[in-house]
Structures are given as C-alpha cells and as structure tokens.
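Single-letter residue listing:
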Amino acid sequence: MAADGHARVAAEGAHGVRHPRLQHHFDDMEQQAEASTLGMWVFLVTEIMFFGGLFMAYLVYRTQMPDAFREASHHLDITLGATNTVILIVSSLTMALAVRSAQTGQPAKTQVGWLVATMVFGAAFLGIKAIEYTEKFRDHIVPGPFFEWHGTYPRGAEMFYSLYFAMTGLHALHMVVGLGIMTVMASLAWRGRFDDTYYTPIEVSGLYWHFVDIVWIFLFPLLYLIGRH
Amino acid sequence: MPNYLTNGHGLASWLLTKDHKRIALLYLASITAFFFLGGMFAFLIRLELLTPAGDVMTSESYNKMFTMHGVVMVFFFLIPSIPAVLGNFFIPIMIGAKDLAFPRINLLSWYVYVLGGLFTLVAALGGGVDTGWTFYTPYSTAASNTHVITAGLGVFITGFSSILTGLNFIVTIHRMRAPGMTWFRLPLFVWSHYATSLIMILGTPVIAITVLLVAVERGLHLGIFDPALGGDPILFQHLFWFYSHPAVYIMILPAMGVISEVVQAFSRKNVFGYSFVAFSSLAIAIIGFLVWGHHIFVAGQSVYAGLIFSILSFLVAIPSAVKVFNWTATIYKGSVSFDAPMLYAFGFLGLFTIGGLTGLFLATVGLDVHVHDTYFIIAHFHYIMVGGAIMGYLAGLHYWWPKISGKMYPEGWARFAALIVFVGFNLTFFPQFVLGYLGMPRRYHVYPPEFQVLNVLSTAGATVLAVGYLLPMVYFTWSIFAGEKAPMNPWGVKGLEWEIPSPPPTENFVVSPIVTHRTHQYAPSKEVGIGG
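Since this is a predicted model, take the numbers as computed values, not measurements.

Parameters and conventions
- Throughout this document, residue positions are counted from 1 along each chain, in the order its sequence is written.
- Chains carry letters from A onward and ligands carry numbers from 1 onward, assigned in written order.
- Owing to the predicted nature of the model, reporting of local features is limited to residues with pLDDT of at least 70; listing and counting of side-chain atom pairs is limited to 80 or more, with chain, interface and lining totals taken over all residues.
- Only runs of H or I of at least four residues qualify as helices and only runs of E of at least two qualify as strands under DSSP, and these elements are numbered from the N terminus.
- Exposure classes come from backbone-placed C-beta atoms, where a residue is buried if 20 or more other C-beta atoms lie within 10 Å of its own, exposed if 12 or fewer do, and partly exposed in between.
- We call two residues in contact when the distance between their C-beta atoms, placed using the backbone, is within 7 Å.
- Each radius of gyration is computed over the set of C-alpha atoms, and the globule rule expresses the reference value as 2.2 Å times the number of residues to the power 0.38.
- Polarity classes work like this: nonpolar for Ala, Val, Leu, Ile, Met, Phe, Trp, Tyr, Cys and Pro, charged for Asp, Glu, Lys and Arg, and polar for all others, with Gly in that last group.
- In a helix, the anticipated span is given by 1.5 Å times the number of residues less one.
- Axis definition: a line fitted to C-alpha atoms, over the contacting stretch in the case of helices. Angles run 0 to 180 degrees between N-to-C directions.
- If an angle is under 35 degrees, it is roughly parallel; if it is over 145, roughly antiparallel; if it lies from 65 to 115, roughly perpendicular; otherwise it is oblique.
- The sense of a crossing depends on the near helix, which, turned anticlockwise from the far helix by less than a right angle, makes the crossing left-handed and, turned clockwise, makes it right-handed.
- Note on terminology: a nonpolar core is any set of buried Ala, Val, Leu, Ile, Met, Phe, Trp, Tyr and Cys residues joined through C-beta atoms within 7 Å.
- Every residue carries a pLDDT, the predictor's confidence in it, which falls somewhere between 0 and 100.

### Concerning the overall build of chain A
Per the secondary structure count, chain A includes seven helices and zero strands. Secondary structure elements in chain A, listed N-terminal to C-terminal, are α-α-α-α-α-α-α. With respect to the principal axes defined by its C-alpha atoms, chain A has extents near 75 × 40 × 35 Å. Across the 229 residues in chain A, those meeting the buried criterion constitute 36%. For chain A, long-range pairs separated by at least 24 residues make up 72% of all intrachain contacts whose partners lie at least 6 apart in sequence.

Below you can see the structure in the form of structure tokens.
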C-alpha cells in the first residue's frame, strides 16, 4: 500500500512532463505498466482454465483407456513433434531477446529483427503442424465418418485423435493469434514506439508468447511420448 | 463543466465511448432488452401451465421456450446485470479512480456481449434451441435437431465479455485505488465485485471450452463426449457445472454487495463486522468452486463423491449466513428509513434466506433424490435469482439512479412497485415449492389436473410480477424527462460517489481524493481494525 501511494506522488514523472504514451486515467508510467502486466497475467490464468477443460478430458479418458491411447499415440510422427518443440523453445529465446532489446533501449532495427525471428519460428511451427495434419487426413485418422483404424482399439483411437485435434488445433489457433500480435508489435517497433521508458506492450506480448510455448511443452509428451520409454 | 451525459453528443459519442459510465449505460440498455425478451419466454411458459392440458403450444415449442428463457436470463441478463451496469459505473468512482484500468477492453466487452446476443437472437428467430440451458450431451450433440451450435456459440462469445469485465475489475481494484484507499477501507460493494471477478476469470473459460467442444462435436465430429467412442456425458456435466454452479455466485455476490451498501446507507450505521462480510465474499467464491457435484447426485456420480459434495455444499451456506446475520445486526438499532432501495433490501433479506435454506434441503443427498428435477428446484433457484439477484439489482438501481441520471425517481411509485414485486414474486414462486414437493416435474408442458390450483396461483403471481417490473421502466424513463433534479447527495449518506456531482463529470474527480477512513462511518469516527 505504501509503495502504491509513493508511486502516485511522482505523478508527473521525473522531468515534470507527462510521458506521451501515458493514458489519461493513470497517474504515472509505473502504474500504467503494472496494470498492463497484471492484466496479461490475469488473462493467462483464464487461458490455463480454458485449456484446463481439455487437459481434464485427456486425464479422464487416458485413465479409462490407457492401452488405446498408447496404441493411437504411436501413429504420431515423433520427429516432427520433437522438431516443433525445439523450434518453439528457440522462438521463446528470440522473444525474450526482443523484450530485452526494447528494455535496454536498443535501436528499432534490433527490436524488429528479434520480433521477425520469433515470427519466422512461429510460422515454421505452423508449417510443420500443417504437414502433420495433412498426413492424418491422408491416413484417414481424422475423427468422423471417414475414420479408419486397423489396430486393436478403433474407438479409443478415435477418442485420442479427437483430443489430439482439439488440443493441437486450439494451440495452433493461439499461435496464429500470436503471429498477429507480433506483426503489430514489429510494425510499432519499426516506427520507434518502444524504448527503455516505454516497452510494456512488447513485454506483455512476450508473456503471451511464452505461455503458448509452455502449453506445447505439455502437449508434446502427453500426445507424442505415451509409452515410449 | 459538462457532465458525462452532456460531454459529447450523437450516436458515435456513445458507441465509441471509453468512459466507464457511458459503457455502463450501453449495458443497461442491452440487458434491459434481454430481460424483457427472457420475460416474454417466461410469460409464455406460465401461460401454457395455466391449464393441465397442452393447449397453447406443442411440447417441442415448450422445450424451446424454457431453453430460451434460461439461456437469455442466465447468460444475457443475470450474469452481466449488476457487474456490467452498476459495477462498471461505480467501482472506479468508489475507489477514487478516473476510469477502469482498461477502458478500451471495457468497450470491447460490450461489443462482444452484443455479438453473443446476436448469435442467440439468430438461434431464437431461426427456430430456437430445445436442449435446456444446460446443453446436456448426448442429446445436444447427437439428437437435437435445433440450433444448438448457434446458441452455443452465443454463450461462448458472451463468456468472453464476462471474462474481460472480470479481468478489468481485478486489475482496477489492485492498481487504481486512490491514495489511502486501502483494502480494508474498500466499500463492501467493491469487495463483492472482487470476489465475483475471481469466479468470472476462473470459471468462465471452462464453460467456454465445454460449449465449444459441444459445437465441435456437432459440427466437426470430434467426439469428446460421444459414448460411442468411450466418451463420457457425465464429464460434460462435471465441466458444465464447474462453471455453472459458481456462476450463480457471479449472479448473487454483486447483489450482496448492493445490499451491503443499501443496508448501511438506510440504517445510517456502518456495517456490523466489516471484515467478516468482506471475507465471506471471498469464502463464497472459493468454496463455491467445490460444490458443483450437487447437480449430479442422481446422474451416475459415485455415492462417495455425492457425500463429499453434499458436505461442501453445506459449508458454502455458512458465509452466506454470515452476511445475512451481519446485515440484520447492522439494521438493529439503526436509524432506519423505508425508501424504495431499502424496501428491496428487506425483500432480498427474506427471500434470499428462504432460497438459501431450501438450498440446504437440496444439498441433502437423500432429500434431493425426492425433489430432483421437480418444481422445488425451480422455486429454490428463482428465490435466489429473482428474489435475491434481481431484488438486489433493483435496490441498487434505485439507490444510485439519482447519481446515474441526475434525476430523482418518484419515491411513492417506487415504494408501491417494490411492494408489487414482493407480492407478485411470492405468489409466483411459493406455490412452486409445494408443487415440486408433491412431485410435479420440471420441463413438462402437461400435468395432472390436481396440480392446477397451484399453477393458476403461480401464473397469476407472474402477471402481478410483470406489472412490478414494468413500473420502474415507466417511472425511470419518466424521471429522465420530467424528474426533479437530483442533488449531489440525495440520501445524505457517506461514500465517494456521493461527494461528486450528479451526474458525475467525465473524469469523475477534478482532484484525486485522499481517503482517510472507511465509507459509511456515521457513528463518531473510530477507525476499526482488521479484526472488527
């Protein structure tokens, strides 16, 4: 509480002028940045609950039919999945470097460079995901009337692939949204919007990007690595 | 200096506004429209139930009527009602802020709400939905041939409006408080909205993914709940009620916040046991997340799970009872005036108590087997939602109307309307307790002739209740054009919102206030510690 009150005393900032990016209803840049960051964290909590419903369904069904899940999982391409995992981890690094470059007041070109690198990795992830989906359609292991399964557990396998498409599809959708956000951030950075006094948008976008990566870190072992030890 | 109503004219100044007060009014207009739409469905239901035979509509149409009534009233009226209108308007003012933390997200939440509402209207006009507002699988995924996807997407989209509102409130309450506005000086209205927002952000995403999966199962054949693939319809019920039970606390907690303010204001007394009332809101939010299984006692849940959920459901009654006792103790020896907001608050106290106690009947596993899916549960639910939440909403609307509109409403008419609402409400819903206990099931449009007397009473009551709801519509509208101008503090009460002009200026405060004590300190000032 004391810290809050203290922050508000410096209402006009260090130089006695309002920062051009300070919105009218905030007292100072610190309050504005704290609000945005907290807002993104709260949003990420809602995202955890959103994915949580699917993880719950996965937990229940895998407990009920472990053999079917193991059999179905073996038809996923572990090489492509592992490659995508590495790609996303590297994209998290470039994202962190993009935030860092803004925080430390690096030139716009450096910020844009790291953002574009992040986007390239994100796009590569989606490209590989598209290849995987195409293979599933070719092999008729997409749930629905055309689903074919030649193993022991056709019903359980269809359930596994229902979960696979729901979970990875929702994740891919979040990646697409992430790419959109990065496009906006890159164009703002290009126009020199961010420096060491104002970098909150790029920081909270980074939080979102890392979150989407972490979801994949859970999805990869749960879907691809069942029973492979 | 222009106030928020005169600062900017024309449609665009409203549709593109970022002022929390104007957005609150956008919400007020849209939820009122949905309230009367949902009320129309209720009227048709009561009309059909006037006679034992099904003579107004077919059973298929009747299924659509109660589904649309539930969907519209729950998702498009009750959930946004107090938070999006009164919370939106008064939380920033009560904590001494110029606006919510994210004004653009606030406006976005209204547009998202309207988009979800349009989906629901399209579903309604295109022929309706017949799954019940609960969208239970496998009926909703495999059997129903009505507009389940459209209505489901409507609920999905509107959920995000609720999430955005909750997110905005949480950040605002954490980061936008005026100097000196410590957590234990917050008005109780703000505390209850903080608890509500926690439920909104933790629960709503779960219903979102659940109805999305129903839509995906219908549309794309991903069979997450499909028994043919080993899917479990009970899992749907767990996920659905994980949100939808806490959702009733989204509806009632804000009303409790209003009652806390009104009871203090019209008893001229600061609340008895401030921190107990504040923490009971949080307790309701937390325990409320652990009781959902009481909706599935007879659906195939294990007996042991049923017992645990039964005990937890008893526990959640404790913080609710704490509030009722503390409000009563606040009124005790207070200087009570019987203005319309206080009449609604008295109505709330009585009706919420009946609704809460009958909730304990339903939490008892053995008794629930007898009254499950009967009119008893309908009566219980409406005592909480209509007798509780809507009474609280009307109390708040009357209490703050002078501040919102800058005009006084006619007090005599308002007291009369409050009386009509109380009488009409009890006449509508009390007979339903008896009907349910005698065994009349919910969701049927025909019934045995011996139930007719009680059903006629209920329908008569609904007509009286409708008059009670139309009256405020008429005199509030009248007051905008012909009402007496409201002073800054018409009730002579304490609170930051009563220290600024009516209607408030766009920026709320010309000079940021510095808070030195709690609101509603009427007794000789003594700062009460956390324990008291």
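Okay, back to it.
### Some words on the overall build of chain B
Within chain B, the secondary structure is distributed over 15 helices and zero strands. Taking 2.2 N^0.38 as the reference for a compact globule, 532 residues should give roughly 24 Å; the C-alpha atoms of chain B span a radius of gyration of 23 Å, in line with that estimate. Projected onto its principal axes, the C-alpha coordinates of chain B cover approximately 65 × 45 × 45 Å. Per-residue burial over chain B gives 57% buried out of 532 residues. Look at the contacts in chain B between residues 6 or more apart in sequence, and 86% of them connect residues 24 or more apart.

### Notes on unusual backbone geometry
Residues and elements named next belong to chain B. With omega at -5 degrees, the peptide bond leading from T137 into P138 counts as cis. Within the element layout of this structure, P138 appears in the loop between α4 (103-125) and α5 (139-143). Cis geometry is adopted by the peptide bond preceding P503, which originates at S502 and carries an omega value of -15 degrees. Secondary-structure assignment places P503 in the segment after α15 (452-482). The backbone of F135 shows a phi angle near 50 degrees, a positive value even though the residue is not glycine. Mapped onto the elements of the fold, F135 is located in the loop between α4 and α5. Residues other than glycine seldom take positive phi values, yet R443 does so here, at roughly 65 degrees. Summarising the element assignment, R443 is placed in the loop between α14 (411-438) and α15.

### Focus: the interface of chain B and chain A
At the junction of the two partners, chain B supplies 34 residues and chain A supplies 36 residues. When residues of the side of chain B that touches chain A are traced back to their parent elements, those giving at least two are α6 (148-175), α7 (188-220) and α8 (233-267) of chain B. Top element by residues in the side of chain B that touches chain A is α7 of chain B. It accounts for nine residues. Taken together, the residues of the side of chain B that touches chain A sort by class into 23 nonpolar, seven polar and four charged.

### Comments concerning helix α11 (residues 340-363) of chain B
A rise of 1.5 Å per residue sets the reference length of α11 of chain B, with its 24 residues, at 34 Å; its end C-alpha atoms lie 34 Å apart and thus fit the reference within 8%. Judged by how many residues are buried, α11 of chain B sits mostly within the fold: 17 of 24 residues are covered.

### As for the packing of α4 of chain B against α6 of chain B
Residues and elements named next belong to chain B. With their axes 8 Å apart at the nearest point, α4 and α6 run at an angle of 165 degrees to one another. Taken together, α4 and α6 sit at an angle that is classed as roughly antiparallel. Crossing angle aside, the handedness with which α4 passes α6 is left-handed. Of the residues assigned to the contact of α4 with α6, the class counts are 13 nonpolar, 11 polar and no charged.

### Notes on α14 of chain B
In a regular helix each residue adds 1.5 Å, so 28 residues correspond to 40 Å; α14 of chain B covers 41 Å between its end C-alpha atoms and thus fits that length. Of the residues trailing α14 of chain B, G439 of chain B is marked for its positive phi of about 110 degrees.

### What to know about the nonpolar core
Grouped together as the largest cluster of nonpolar side chains are 226 residues, with contacts concentrated most on L163 of chain A together with I95, I259, V262 and A395 of chain B. Setting aside anything within four residues of it in sequence, one finds I95 of chain B in contact with I173, M176, R177, A178, M181, L186 and V190 of chain B.

### Here we look at the packing of helix α13 (residues 375-405) of chain B against α14 of chain B
Residues and elements named next belong to chain B. Packing of α13 against α14 brings their axes to within 7 Å, and their N-to-C directions diverge by 170 degrees. In this view, α13 runs roughly antiparallel relative to α14, as classed from their interaxial angle. Seen along the crossing, α13 lies across α14 with a hand that is left-handed. Across from Y375, F376, I377, I378, A379, H382, Y383, V386, G387 and H398 in α13, the residues of α14 making contact are A414, F425, F429, Q432, F433, L435, G436 and Y437. Of the residues assigned to the contact of α13 with α14, the class counts are 13 nonpolar, five polar and no charged.

### Some details on the environment of E30 of chain A
As for its position among the elements, E30 of chain A is in helix α2 (residues 29-64). A C-alpha to C-alpha distance of 9.7 Å links E30 of chain A and T197 of chain A, two positions 167 residues apart in sequence.

### Some points on the confidence of the model for chain A
Averaged over all residues, the pLDDT of chain A equals 90, while 93% of them reach at least 70. Below a pLDDT of 50 lies the segment residues 1-15 of chain A, which in the model reaches 17 contacts outside its immediate sequence neighbourhood of four places, other chains included.

### As for the environment of Y409 of chain B
Residues and elements named next belong to chain B. Mapped onto the secondary structure, Y409 falls in the loop between α13 and α14. Spatially, the C-alpha atoms of Y409 and T477 are 9.1 Å apart, while their sequence positions differ by 68 residues. Filtering out sequence-adjacent residues up to four positions away, Y409 remains in contact with H398, W401, A414, Y475, F476, S479 and G483.

### Quick word on the confidence of the model for chain B
Residue and element names in this part refer to chain B. Put simply, chain B has an average pLDDT of 94, and 98% of its residues get 70 or more. In this model, residues 525-532 is a region of pLDDT below 50 whose contacts with residues beyond four sequence positions or in other chains number six contacts. Predicted complex, confidence summary: ipTM 0.91, pTM 0.93.

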